[in-house]
Amino acid sequence: MADQTYQPTRVAVVGAGNVGATFAYSLLLSGLASEIVLIDSNQAKAEGEAMDLNHAMPLTQPTRIWAGGYQDCAGAAITVIAAGVAQQPGESRLSLVNSNISVFRKIIPEIVRYNPTGLLLIATNPVDILTYASWKLSGVPANRVIGSGTVLDTARFRYLLSLKAGVDPRSVHAFIIGEHGDSEVPVWSLANIAGMTLRDFCETNGKDFSPEMLKNIYQETRDAAAQIIHRKGATYYAVASGLLRIAEAILRDQGTVLSVSTLIENYYDIQDVYLSLPCVVGRKGVEHFLRLDLDPEESRDLQKSAGILKGLIEQLTL
Ligand code: NAD
């Protein structure tokens, strides 16, 4: 007789394009989920991705993978949303807002109809605006509606800093906060390696810590997506790895500090906006965000970033 108490770990992926399919592949390799359902308005695309992933299964992890409908979101621990349009070369993330909001107006009610208790993890851009919209459209508590935010930008930042510092990027503790986009903010004042400020580390190890170096690293981080899109048309490996890291923190209740996009209230006069700050992420979603003690320039830049996002949110009727 089947075990009546067994609850498979289901992850639903809405939008089986570059980002959604690459995330599904990384999730298959990880073995974290026992079921992965792919949902896309292009049914053939979802079916083709499911077939291709299933053929990897004997070489990877036993996982049930299929192309389904919104009813299959039922019981999913996490529904990852990467549906919608992506940036074209030269286009900003914010310009996608109208097209992708109309996609979300259709898909969020469908997901919540079948799964009112799971977590929503949003990747579609502009991710901060669409995560705020998902929170409003779903009626799900804010801690369970999470944007991938600047997890990707923070990874890019740590990678670039690690090249300068000559250490493993996982040993670099530094965050990009604010919008996942052009107004994102590097937190130089708190960047450290083993608790040594980045400045001290660089000075004692003979590494460059000039204002030009800092400016170049920030610009390279901020403009990375545009540079990649110019060369290969889309970005997906690093964002899929970021989504996987967030999913792992949730499914294994790790309490990992990740710069996801979350609802911000009462922080440097910022209210009622989704943006990224380091957050404790576990089974309940975002447990809380960390109220970093920023320097005056950083807090001003964060307020500016919040203002840009808020301006866009105010134009939406949600
Ligand atoms: P893509 O075009 O390859 O895939 C999008 C998929 O969404 C397509 O398969 C399409 O059929 C599907 N889709 C469109 N409308 C839909 C609907 N109403 N219902 C269900 N499915 C629908 O695009 P991509 O490169 O995978 O990018 C997806 C999104 O992720 C974009 O908005 C992109 O900007 C964003 N993105 C975010 C990050 C991040 O860090 N958050 C990084 C890269 C890309």
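Reading the values: rules and limits
- Residues numbered from 1 in each chain as written.
- Predicted model: local features only at pLDDT ≥ 70, side-chain atom pairs only at ≥ 80, totals over all residues.
- Heavy atoms only, no water.
- Pairing = 2+ DSSP bridges.
- Helix = DSSP H or I, 4+ residues; strand = E, 2+ residues; numbered from the N terminus.
- Axes fitted to C-alpha atoms, helices over the stretch in contact; angles between N-to-C directions.
- Domains from an automatic or database assignment.
- Contact = heavy atoms within 4.5 Å.
- Polar contact = N/O pair within 3.5 Å; in protein donor to acceptor, adjacent residues only side chain to side chain.
- Nonpolar A, V, L, I, M, F, W, Y, C, P; charged D, E, K, R; others polar.
- Near = heavy atom within 4 Å.
- Expected span 1.5 Å × (residues − 1).
- Buried < 20%, exposed > 50% of the residue type's maximum accessible area, 1.4 Å probe, protein only.
- Parallel < 35°, antiparallel > 145°, perpendicular 65-115°, else oblique.
- Left-handed = near helix turned anticlockwise from the far one by under 90°.

Asks: Kindly report on the sheet that holds strand 12 (residues 256-258), identifying the contributing residues and their values.
Replies: Judged by pairing direction, the sheet is antiparallel, and its three strands sit side by side in the order 12-15-16 without closing on themselves. With partners counted over all chains shown, the strands left at the sheet margins are strand 12 and strand 16 (285-289), one partner each. In this sheet, adjacent strand axes meet at a mean angle of 40° when their direction is disregarded.

Asks: Report on the domain arrangement of the chain, specifying residues and quantitative values.
Replies: Taken domain by domain, the chain comprises domain 1 (10-147) and domain 2 (151-313). On the domain 2 side, the residues contacting the 35 residues of domain 1 number 38 residues. The tally of links from domain 1 across to domain 2 stands at nine residue pairs in polar contact (both at pLDDT 80 or more). Breaking the side of domain 1 that touches domain 2 down by element, the ones donating at least two residues are helix 1 (18-30), strand 4 (78-81), strand 5 (119-122), helix 4 (127-138) and strand 6 (145-147). Broken down by element, the residue count for the side of domain 1 that touches domain 2 peaks at seven residues, all from helix 1. For the side of domain 1 that touches domain 2, the per-class residue count stands at 21 nonpolar, eleven polar and three charged.

Asks: Go over the site of the ligand with me, naming the residues and quoting the values.
Replies: Residues in contact with the ligand amount to 26 residues; listed here are only the nearest, Asn18, Val19, Asp40, Val85 and Ala123. Backbone polar atom of valine 19 to an oxygen atom of the ligand: 2.8 Å apart, as the coordinates give it. With respect to the ligand, the backbone of serine 41 contributes an N or O atom lying 3.2 Å from a nitrogen atom. Contributions of two or more residues to the shell around the ligand are made by helix 1 and helix 3 (97-114). The element that contributes the greatest number of residues to the shell around the ligand is helix 3, accounting for three residues. The residue makeup of the shell around the ligand, split by class, is 13 nonpolar, twelve polar and one charged. Taken domain by domain, the makeup of the shell around the ligand includes at least three residues from each of domain 1 (10-147) and domain 2 (151-313).

Asks: Residues and numbers for helix 5 (residues 151-165), please.
Replies: When the terminal C-alpha atoms of helix 5 are compared, their 21 Å separation across 15 residues agrees well with the 21 Å that a helix rising 1.5 Å per residue should span. Residues of helix 5 that are buried: Val151, Leu152, Asp153, Thr154, Arg156, Phe157, Leu160, Leu161, Ser162 and Ala165.

Asks: Which residues make up the packing of helix 1 against helix 2 (residues 43-56), and what values go with them?
Replies: Running from N to C, helix 1 and helix 2 cross one another at 20°; their axes reach a closest spacing of 11 Å. It follows from the interaxial angle that helix 1 and helix 2 lie roughly parallel. Crossing of helix 1 over helix 2 shows right-handed handedness. Contacts from Ala21, Ala24, Tyr25 and Leu28 of helix 1 reach helix 2 at Glu49, Leu53 and Ala56. Residues of the contact of helix 1 with helix 2, tallied by class, amount to six nonpolar, no polar and one charged.

Asks: Let's hear about unusual backbone geometry: which residues, and what values?
Replies: The residue after asparagine 125, namely proline 126, is reached through a cis peptide bond having omega -5°. With respect to the helices, strands and loops of the structure, proline 126 is situated in the loop between strand 5 and helix 4. Positive phi values are uncommon outside glycine, yet asparagine 266 reaches one of about 55°. With respect to the secondary-structure elements, asparagine 266 resides in the loop between strand 13 (261-264) and strand 14 (273-276). A positive phi angle, near 65°, is found at aspartate 269, a position not held by glycine. Mapped onto the elements of the fold, aspartate 269 is located in the loop between strand 13 and strand 14. Owing to a relative accessible area of 72%, aspartate 269 belongs among the exposed residues under this scheme.

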